Amino acid sequence: MTRTKKPGVFGTPGFSRMWIVLPPLLFLAVFYFYPLFRIFLLSFMPEGMWDAGGLEKLFRTGHYLRVLWFTTWQAALSTVLTLIAALPGAYVFARYNFPGKRLLQAFTTVPFVLPTVVVAAAFEALTGPHGLLNSWLMAWLDLPSPPIAPDRTVWAILLAHVFYNYTVVLRMVGGFWAGMGDDLTGAARMLGASPWTAFRKITLPLLRPVLFTAGLLIFIFCFSSFGVILILGGPRFATLEVEIYRQAVSYFNLPLAAALSLLQILFTFGMMWAYTALQRRSAVALTPESRERTGRRASAPGERLMVGGNILFMVMLLGLPLMALVIRSFSTKTGPGLIYYRALFEDTTQSLFFVPPADAVFHSLGFAGTTLIMALILGTLAATFLAGRKDRLTALLDPIFMLPLSTSAVTLGFGFIIALDRPPLNLRTSVLLVPIAHTLVAFPFVVRSLLPALRSIPRSLREAASVLGASPWQVWRSVDLPIVGRALLVGAVFAFTVSLGEFGATVFVARPQTPTMPLAIYRFLGQPGAMNYGQAMAMSSLLMLVTATGFLLLEKARIGQAGEF
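Residues numbered from 1 in each chain as written. Predicted model: local features only at pLDDT ≥ 70, side-chain atom pairs only at ≥ 80, totals over all residues. Heavy atoms only, no water.

Colleague: I tried to follow the overall build of the protein on my own but got confused; where do I start?
Modeller: Tallying secondary structure elements over the protein gives 24 helices and four strands in all. For the protein, buried positions account for 52% of its 565 residues. Considering only intrachain contacts with a sequence separation of at least 6, the fraction spanning at least 24 residues in the protein is 79%. Per element, the accessible surface of the protein, about 26500 Å² overall, is 68% carbon and sulfur. (Helix = DSSP H or I, 4+ residues; strand = E, 2+ residues; numbered from the N terminus. Buried < 20%, exposed > 50% of the residue type's maximum accessible area, 1.4 Å probe, protein only. Contact = heavy atoms within 4.5 Å. Areas by Shrake-Rupley, 256 points an atom, 1.4 Å probe, with all protein chains shown as cover.)

Here it is, written out as structure tokens:
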């Protein structure tokens, strides 16, 4: 009796699994590990011989120690402020139902999916010298100069980080809190404990693991912050990311930039390892409660005041910068108008490297479309392999495919310009370098979007189709594709929106003739004049509209709560 081979994922026999995983592995080897290896060589062997002088200089020079210290303490303070600001909102979402709750939850996530350049532009529009608040105050009080000047200060950076990461606490802590139920705290109250004692003795210890996990994730985001620091901090402030950019682009000190990149890699890898370890250990044995059971209407006046106050705070914190951005994009000297939007489609400069601003929109759309195709192909192959049988190789490759998420985009972009500059990989001047960099950033999102759907397909369906004579291609088209179709759409939206807003790597690899929308916004904000400022606001509003729409489509296409993001 002959035994037929069972079909693997997407109908592929077991022995061909290695062919499936080869393309994503080769992609990572060439465009991830090789650039990082070149950074390592440039750090320790800048002239072809061993020389650790670059790394020694980092710890002997006060300036670089101050950069490292500022990077650390601003990330820590941003994390603490975000937790303080968002915990009351997490409690309200976990314990109360109110009209418009789902819409408000979707709205609170929009700032997190916005490109960092747009976030910085939004705060420039709200609190900058030409911002909405200063313009109104100067007009109402007849003041000769702006009365509010938080821009170019650490407070603008901290506020932008709270704005950006607010939803991390709201979703992670609020979601966990909603599943805890009221049984334990109710029993404590019946035994005479005050509300504060019940929170301190029962709720807080149960929340502590997810608080640490969310806090560490926010710390990582703020530690590797680039666009917000570069635009809102100006020349006064620099994190490791900004200093890498300045040393590589402004001073062309590549060995020192490589040493800083190596330090950034070590810090980021260490924090991501701690995050994954903490995430594995943060599970608490609880009886899960449905949101319908834990959520209730606010009835007492104090409860209504607390819920209403938190909703107002969320709308003001998250809505005012976005509203200011849109208003400033229409505000002209003669009143509301479309002059800045029309200017995006005009070529009014004869500079050698100038292109019409509208070209940046088309470049971004073209790069995003190419990234979508590349990331879907590579991500589907990787997810297909990981969704197959569980073995040691799968356990090894799963975290390897996630490594680009633990590496800053600035480090990746810098690695590209020092590694891909000689045959057969002389791509420094190639237009393909931008979508390749974007694919590297978007690829892990596609993998994590597809995995839950692929793992949910019963093996018996594929086996039944094979027994009935279906070829591997027919099995994939008739069985797998209808099930994973929505997950593919989620991955495609992720890849497209990530590419549209990517700034850290693009600022290194994009050519002057092919700027993207984030690069154009950065250039506009760096130039004087009301027209440049207005065009920055207009292009930021367009980019905000596209990314927010993509996110809302992603939320609609997501399969229930499935997914790993």
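Once you've had a look at it, read on.
Colleague: What exactly am I supposed to notice about the environment of Asp421 here?
Modeller: Mapped onto the elements of the fold, Asp421 is located in the loop between helix H18 (409-419) and helix H19 (433-455). On the basis of relative accessibility, which here comes to 27%, the residue Asp421 falls in the partly exposed class. Here Asp421 is in contact with Arg38, Asn426 and Arg428, once residues within four sequence places are set aside.

Colleague: Hey, could you run me through the pattern of salt bridges in this one?
Modeller: Pairing between side chains of opposite charge can happen when the charged atoms of each approach one another. Under the definition given, this model contains one salt bridge. With its nearest N and O atoms 2.6 Å apart, the salt bridge here joins Arg448 to Asp398. Of this pair, Arg448 sits in helix H19 while Asp398 sits in helix H17 (residues 392-401), and the two are 50 residues apart along the sequence. When its relative accessible area of 10% is taken as the criterion, Arg448 is described as buried. (Salt bridge = Lys/Arg side-chain N within 4 Å of Asp/Glu carboxyl O.)

Colleague: What is the right way to read a nonpolar patch on the surface from this model?
Modeller: A cluster of nonpolar side chains, Leu133, Trp136, Trp140, Leu141, Leu143, Leu312, Met316, Leu320, Met323 and Ile327, forms an exposed patch at the surface whose accessible area comes to about 930 Å². For the nonpolar patch, the secondary-structure elements that each account for two or more residues are helix H6 (132-141) and helix H14 (301-330). Per-element tally for the nonpolar patch: the top contributor is H14, with five residues. Locating Trp140 in the fold gives a position in helix H6. For Trp140, a relative accessible area of 65% puts it in the exposed group. (Patch = residues over 30% accessible without salt bridge, like charges linked within 9 Å, V, L, I, M, F, W, Y side chains within 5 Å.)

Colleague: I keep staring at helix H3 (residues 62-95) and nothing clicks. Help me out?
Modeller: One turn of the α-helix equals 3.6 residues, which is why residues spaced by three or four share an orientation. Helix length check: H3, at 34 residues, gives a terminal C-alpha distance of 49 Å against a target of 50 Å (1.5 Å per residue), a fit within 8%. The axis of H3 is deflected most strongly, by about 35°, at Ala86, and proline Pro88 appears within four residues downstream. (Expected span 1.5 Å × (residues − 1). Bend = angle between axes of the 7 residues up to and from the residue.)

Colleague: I'm lost on the packing of aromatic side chains in this one. Help?
Modeller: The geometry of an aromatic ring pair is captured by two quantities: the separation of the ring centres and the angle between the planes. All told, the structure shown has 22 aromatic pairs when counted by the stated rule. Aromatic pair Tyr91 and Tyr96: ring centres 6.0 Å apart, planes at 75°, arrangement edge-to-face. The buried category is assigned to Tyr96, whose relative accessible area is 2%. Here the aromatic rings of Phe226 and Tyr245 are separated by 5.7 Å at their centres, their planes lie at 70°, and the arrangement is edge-to-face. Placement of the pair is Phe226 in the loop between helix H9 (195-223) and helix H10 (227-233) and Tyr245 in helix H11 (residues 240-250), with a sequence separation of 19 residues. Residues Phe226 and Tyr245 agree in their burial class; the two are buried. An aromatic cluster of at least three residues, connected via ring pairs, comprises Phe226, Tyr245, Phe414, Phe503, Phe508 and Tyr522. (Phe/Tyr/Trp six-rings, centres within 6.5 Å; stacked < 30°, edge-to-face > 60°.)

Colleague: I keep staring at the packing of helix H16 (residues 357-386) against helix H23 (residues 517-525) and nothing clicks. Help me out?
Modeller: Each pair of packed helices can be described by the angle between their axes along with the distance between the axes. With their axes 8 Å apart at the nearest point, H16 and H23 run at an angle of 150° to one another. Here H23 runs roughly antiparallel to H16, going by the angle between their axes. Contact residues: H16 offers Pro357, Ala360, Val361 and Ser364, while H23 offers Met517, Pro518, Ala520 and Phe524. For the contact of H16 with H23, a count of residues per class yields seven nonpolar, one polar and no charged. (Axes fitted to C-alpha atoms, helices over the stretch in contact; angles between N-to-C directions. Parallel < 35°, antiparallel > 145°, perpendicular 65-115°, else oblique. Nonpolar A, V, L, I, M, F, W, Y, C, P; charged D, E, K, R; others polar.)

Colleague: What am I meant to see in the packing of H3 against helix H7 (residues 154-178) here?
Modeller: Running from N to C, H3 and H7 point in directions that differ by 45°, and their axes come no closer than 6 Å. It follows that H3 is oblique to H7 by the angle criterion. Like other packed secondary-structure pairs, H3 and H7 cross with a definite hand, here right-handed. Counted by class, the contact of H3 with H7 contains 22 nonpolar, seven polar and one charged residues. (Left-handed = near helix turned anticlockwise from the far one by under 90°.)

Colleague: Hey, could you run me through the nonpolar core in this one?
Modeller: Grouped burial of nonpolar side chains is what soluble globular proteins tend to show. In terms of nonpolar packing, the biggest core is built from 169 residues, with Val173, Phe401, Phe414, Phe416 and Phe508 touching the most fellow members. Both domain 1 (50-284 + 304-336) and domain 2 (357-564) contribute no fewer than three residues apiece to this core. Apart from residues lying up to four places away in sequence, Phe401 is in contact with Val21, Pro24, Leu25, Leu28, Ala382, Leu386, Phe443 and Pro444. (Core = buried A, V, L, I, M, F, W, Y, C linked by side-chain atoms within 4.5 Å. Domains from an automatic or database assignment.)

Colleague: So what exactly am I meant to see when it comes to H9 here?
Modeller: Between its first and last C-alpha, H9 extends only 36 Å over 29 residues, short of the 42 Å set by a 1.5 Å rise per residue. The sharpest bend along H9 measures roughly 50° and falls at Leu204, with the proline Pro205 sitting one to four residues further on.

Colleague: It is not clear to me how the confidence of the model for the protein should be interpreted in this structure. Could you clarify?
Modeller: Close inspection of predicted coordinates is inappropriate in any region flagged by low pLDDT. Taken residue by residue, the protein gives an average pLDDT of 81. The fraction at 70 or more is 86%. The least confident element of the protein, judged by mean pLDDT, is helix H13 (residues 291-294) at 51; the most confident is H3 at 91. Counted against residues more than four places away or in other chains, residues 283-288, with its pLDDT under 50, gives eight contacts. Under a pLDDT of 50 for its full length, residues 559-565 has, in the predicted model, 15 contacts with residues more than four places off or in other chains. (pLDDT = per-residue confidence, 0-100.)

Colleague: Which parts of the structure should I look at to understand the side chain of Glu243?
Modeller: Its location among the elements puts Glu243 in helix H11. For the buried Glu243, which has no salt bridge, the nearest side chain bearing the opposite charge is Arg246, at an N-O separation of 4.5 Å. There is a polar contact of 3.3 Å between the side chain of Glu243 and the side chain of His63. Dropping the residues within four chain positions of it, Glu243 is found in contact with His63, Tyr64, Val67, Ala238 and Leu260. (Lys, Arg positive; Asp, Glu negative; His and termini not counted. Polar contact = N/O pair within 3.5 Å; in protein donor to acceptor, adjacent residues only side chain to side chain.)

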